[in-house]
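Descriptive structure summary
In case you want the letters, here they are:
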Amino acid sequence: MHDLVIRNGTIVDGTGADRFHGDVAVDDGIITEISRDGGSAGAGRQELDADGNLVAPGWVDIHTHYDGQVTWDPEMAPSSWHGATTVVMGNCGVGFAPARPDERDFLIELMEAVEDIPGTALHEGIDWQWESFGEYLDALEAMPRTIDVAAQVPHAALRAYVLGKDAHDAEVSADHLQQMADLTAEAVRAGALGFSTSRTILHTSKHGLIPGTTAVPDELLAIGHGISQGGPAVFQFVSDGLGTESVERQWIRDLARLPGVTVTYSLAQSPRDPNAFKEALDEAQALREQGQTVVPQVPSRPTGMLFGLQSSFHPFMAHPTYRPFWDLSLDERVARLRDPEVRSQLLSEEPRTRNASALYLATNWEQIFRLGTDCDYEPTPDSSVAATAAREGRSEQEVVLDWLLEQGGKSLLFSPLGSYVEKNHDAIRSMIEHPASAVGLSDGGAHCGLICDASFPTYLLTHWTRDRTRGDKLPLELVVNKQTKATADVYGLGDRGVLEVGKRADVNVIDLDALHLHVPHMIFDLPAGGRRLVQPVDGYRWTVQAGEVTFVDGEATGARPGRVVRGRR
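A look at the overall build of the protein chain
- Scanning the protein chain for helices and strands turns up 17 helices and 27 strands.
- Whereas a compact globule of 569 residues would reach a radius of gyration of roughly 25 Å, the protein chain reaches 23 Å, a difference of no more than 12%.
- For the C-alpha atoms alone, the extent of the protein chain along its principal axes is close to 75 × 60 × 45 Å.
- The 569 residues of the protein chain split such that 62% are buried.
- In the protein chain, once contacts between residues fewer than 6 apart in sequence are set aside, the share between residues at least 24 apart is 74%.
- For the protein chain, the accessible surface area stands at approximately 20900 Å², while carbon and sulfur atoms represent 47% of it.

Have a look at this one:
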């Protein structure tokens, strides 16, 4: 008798092959039998009736920032709510290992500045039981958890560990390069799935650009050699060059030529060069055909900020009249903003800030939309603040203020940052369809006060296979593949990502018709009362991790079969 049988489901196995009707049987956390097209698996001690439901592999989310949360939260919400059974953290060059005691505050400052995770929560929640990267993984293994977690070596922490107060220096000595390479190799041997760095001017702290941003190619290649020496692993980065600038393209190629090194990076459509993403994807495919592995990670919807009165940012944050309201409760702020005199004074002002980026974001009226209760992430141009103001004969600020005050001040405005140049999702569709891409960029655990994209895996299903009205949809089999086998393959996780005999029994059973994303909202459950945006979901009937049922209709069962993933498999 099997331990578990998922019976009578519509199976989409993650390979991209056509769906079929059948059963999935599990023993000791491993898939041991799959029946199809009229066949039937043997009886199980526990059976789940999946009739009418989608049965798919658990999602493998390869771009998250749970590096701090993983030390105190066994459930790993909200990603676990959305069917993720494996998450990879340590992306974008920020994280918490290796770290000496006197470097901890600095690393928390970087994480708070870059990923908008409350520093008070990190200070309160992290119990520093490590110095080396291997000791960090050991500390994580001591906590039973719901899902599997994997980590990468962050460049900022590596530089701080080797260079100390000189961590921001652009160039370093040959000895320091060797130390970084050796530490990277040591971390990979201890179980790191890769190394990460940031090359974007958007990632700054009070100290300036985060360490490693301006590192020269020699440093990147030295670390690449460390990855190669430690074992097969990944070099992950985020960049303003989108993998297309000539110097960047060269070191990407040089890294990908190193034995055992996979290169992956975040890709979006840039307003500066709307077709650059196509070039990057084609380049990655050409390199793959030459035996080098370069995988652009693409989004399922535009990475976008959610402006609200409880968010980290909204268009009135820098107005002189609003500044005294920052520390008021939401109800008090709403009451003040509804006062006619306050409203009149506020609408007569402009943002007062020297931050050019903040000023642009606060007044980019054509790129700000009402999210609404239907969570419209593909809004039409005529629904923007600019279009609404022109149509109604009002100022843009009036429109925004009225929208922000809806739902008792809890309404959210959607401002897409990238991949929305044509004001539709056609560019994203071509990214997802491209054979060189994998879906990433959920940023689970990060941007707690402004972005809520841990729901990316669910949105891939609801929007792209069922709900999209402003263009072509995508096949269910492709969408499942792009966040299971495709993402697992990037990090060499060959034991998961597909429903096949001998693979891990990480499974989602989903009522696709009922799958529904709720409106994001702010909760205050992080250590020290820290806030975070979350987006609840309906429709996940069961999530199974290593053969154990961890969620039933969105409710955690308390099972803790999750583990720390060390190295490729």
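Things to note about the layout of surface pockets
- Within this model, the second largest pocket holds a volume of roughly 320 Å³.
- Asp374, Cys375, Tyr459, His463 and Asp467 are, among the 16 residues lining the second largest pocket, the residues nearest its centre.
- Those elements that provide at least two residues to the lining of the second largest pocket are α15 (456-467) and β21 (516-517).
- Element by element, the count of residues in the lining of the second largest pocket is highest for α15, at five residues.
- A class-by-class count of the residues in the lining of the second largest pocket yields four nonpolar, five polar and seven charged.

Thoughts on the nonpolar core
- Ranked by internal contacts, the top residues of the largest apolar core, which has 107 residues, are Phe96, Phe133, Tyr136, Phe235 and Leu461.
- A total of seven residues in this core trace back to one element, the largest contributor, which is helix α4 (residues 155-163).
- Not counting the four nearest positions on each side in its chain, Phe96 is found in contact with Asp67, Gly68, Leu107, Ile108, Met111, Leu122, Ile126, Trp128, Trp130 and Pro154.
- Among the nonpolar cores identified, the runner-up in size contains 30 residues, and Met317, Leu346, Ile368 and Leu413 belong to it.

Things to note about unusual backbone geometry
- The omega angle of the peptide bond from Ala77 to Pro78 is 10 degrees, so this bond is cis rather than trans.
- Notably, Asn8 is not glycine yet its phi reads approximately 65 degrees, a positive angle.
- In this structure Asn8 comes out as partly exposed when scored by relative accessible area, which is 31%.
- Non-glycine residue Asp116 carries a positive phi angle of around 55 degrees.
- With respect to the secondary-structure elements, Asp116 resides in the loop between α1 (104-115) and α2 (119-125).
- Judged by its relative accessible area of 23%, Asp116 falls in the partly exposed class.

Section: the sheet that holds strand β6 (residues 59-61)
- Taken together, the three strands give an open sheet; going across it, the order is β6-β7-β8, and neighbouring strands pair in parallel fashion. At either end of the open sheet lies a strand with only one pairing partner, and these are β6 and β8 (148-150). Ignoring strand direction, the axes of neighbouring strands in this sheet form an average angle of 15 degrees.

Here's the deal with the environment of Ile34
- Tracing the chain through its elements places Ile34 in strand β3 (residues 30-36).
- Residue Ile34 is classed as partly exposed on the basis of its relative accessible area, which comes to 24%.
- Note: C-alpha distance between Ile34 and Ile62 (28 residues apart in sequence) is 27 Å.
- Dropping the residues within four chain positions of it, Ile34 is found in contact with Ile11, Phe20, Asp23, Leu499, Glu500 and Val501.

Description of the side chain of Ser239
- Tracing the chain through its elements places Ser239 in strand β13 (residues 233-239).
- Engagement of the side chain of Ser239 in a polar contact is seen with the side chain of Glu248, the distance being 2.5 Å.
- Among residues more than four places away in sequence, those in contact with Ser239 are Arg199, Thr200 and Glu248.

Comments concerning the pairing of strand β5 (residues 54-57)
- Bridge count for strand β1 (residues 2-11) against β5 is two bridges, and the pairing is parallel. In the strand pairing of β5, Ile11 is matched with Val55.
- Across four bridges, β5 lies against strand β20 (residues 507-510) in antiparallel orientation. Among the inter-strand pairings, Val55 is bridged to a residue of β20, identified as Val509.

A look at the packing of aromatic side chains
- If you walk through the whole model with that rule in mind, you get 14 aromatic pairs.
- Judged by centre distance (5.4 Å) and plane angle (65 degrees), the rings of Phe307 and Phe313 are edge-to-face.
- We classify Phe307 as buried; its relative accessible area is 0%.
- Its relative accessible area of 16% is what places Phe313 among the buried residues.
- Through a chain of ring-to-ring contacts, the aromatic side chains of Phe96, Trp128, Trp130, Phe133 and Tyr136 assemble into a single cluster.

A closer look at a nonpolar patch on the surface
- The grouping of Ile201, Leu202 and Leu209 at the surface amounts to a nonpolar patch, some 310 Å² of accessible area in total.
- One can find Leu202 in the loop between β10 (194-199) and β11 (204-205).

Describing helix α5 (residues 174-190)
- Between its first and last C-alpha atoms α5 spans 24 Å; for 17 residues at 1.5 Å apiece the expected length is 24 Å, and the two agree.
- Residues of α5 that are buried: Leu177, Met180, Ala181, Leu183, Thr184, Ala185, Ala187 and Val188.
- In this structure, the buried residues of α5 make contact with α3 (133-141), β9 (152-154), α4, β10, α6 (217-230) and β13.
- Of the residues one or two after α5, Gly191 is the one with positive phi, at around 130 degrees.

Focus on helix α9 (residues 330-338)
- All of the buried residues along α9 are Leu330, Arg333, Val334 and Leu337. All buried residues of α9 fall inside an arc of 100 degrees around its axis, so they share one side.
- Where α9 is buried, its residues meet α10 (340-347) and α13 (396-404).

Re empty space enclosed by the protein
- As enumerated under the stated definition, the model contains five cavities of 30 Å³ or more in all.
- Each pocket or cavity is described by its volume, and for the largest cavity that value is around 110 Å³.
- Along the walls of the largest cavity sit 15 residues, with Pro78, Gly445, Ala446, Ile451 and Leu533 positioned nearest its centre.
- For the lining of the largest cavity, a count of residues per class yields seven nonpolar, five polar and three charged.

Reading guide: rules and limits
Residues numbered from 1 in each chain as written. Predicted model: local features only at pLDDT ≥ 70, side-chain atom pairs only at ≥ 80, totals over all residues. Heavy atoms only, no water. Helix = DSSP H or I, 4+ residues; strand = E, 2+ residues; numbered from the N terminus. Rg over C-alpha atoms; globule rule 2.2 N^0.38 Å. Buried < 20%, exposed > 50% of the residue type's maximum accessible area, 1.4 Å probe, protein only. Contact = heavy atoms within 4.5 Å. Areas by Shrake-Rupley, 256 points an atom, 1.4 Å probe, with all protein chains shown as cover. 1 Å grid on protein atoms, 1.4 Å probe; cavity = no way out; pocket = protein on both sides within 12 Å on 5 of 7 lines; lining within 4 Å. Points joined across faces, edges and corners; volume = space filled by probe spheres on them. Nonpolar A, V, L, I, M, F, W, Y, C, P; charged D, E, K, R; others polar. Core = buried A, V, L, I, M, F, W, Y, C linked by side-chain atoms within 4.5 Å. Pairing = 2+ DSSP bridges. Axes fitted to C-alpha atoms, helices over the stretch in contact; angles between N-to-C directions. Polar contact = N/O pair within 3.5 Å; in protein donor to acceptor, adjacent residues only side chain to side chain. Phe/Tyr/Trp six-rings, centres within 6.5 Å; stacked < 30°, edge-to-face > 60°. Patch = residues over 30% accessible without salt bridge, like charges linked within 9 Å, V, L, I, M, F, W, Y side chains within 5 Å. Salt bridge = Lys/Arg side-chain N within 4 Å of Asp/Glu carboxyl O. Expected span 1.5 Å × (residues − 1). Arc of directions from axis to C-beta.

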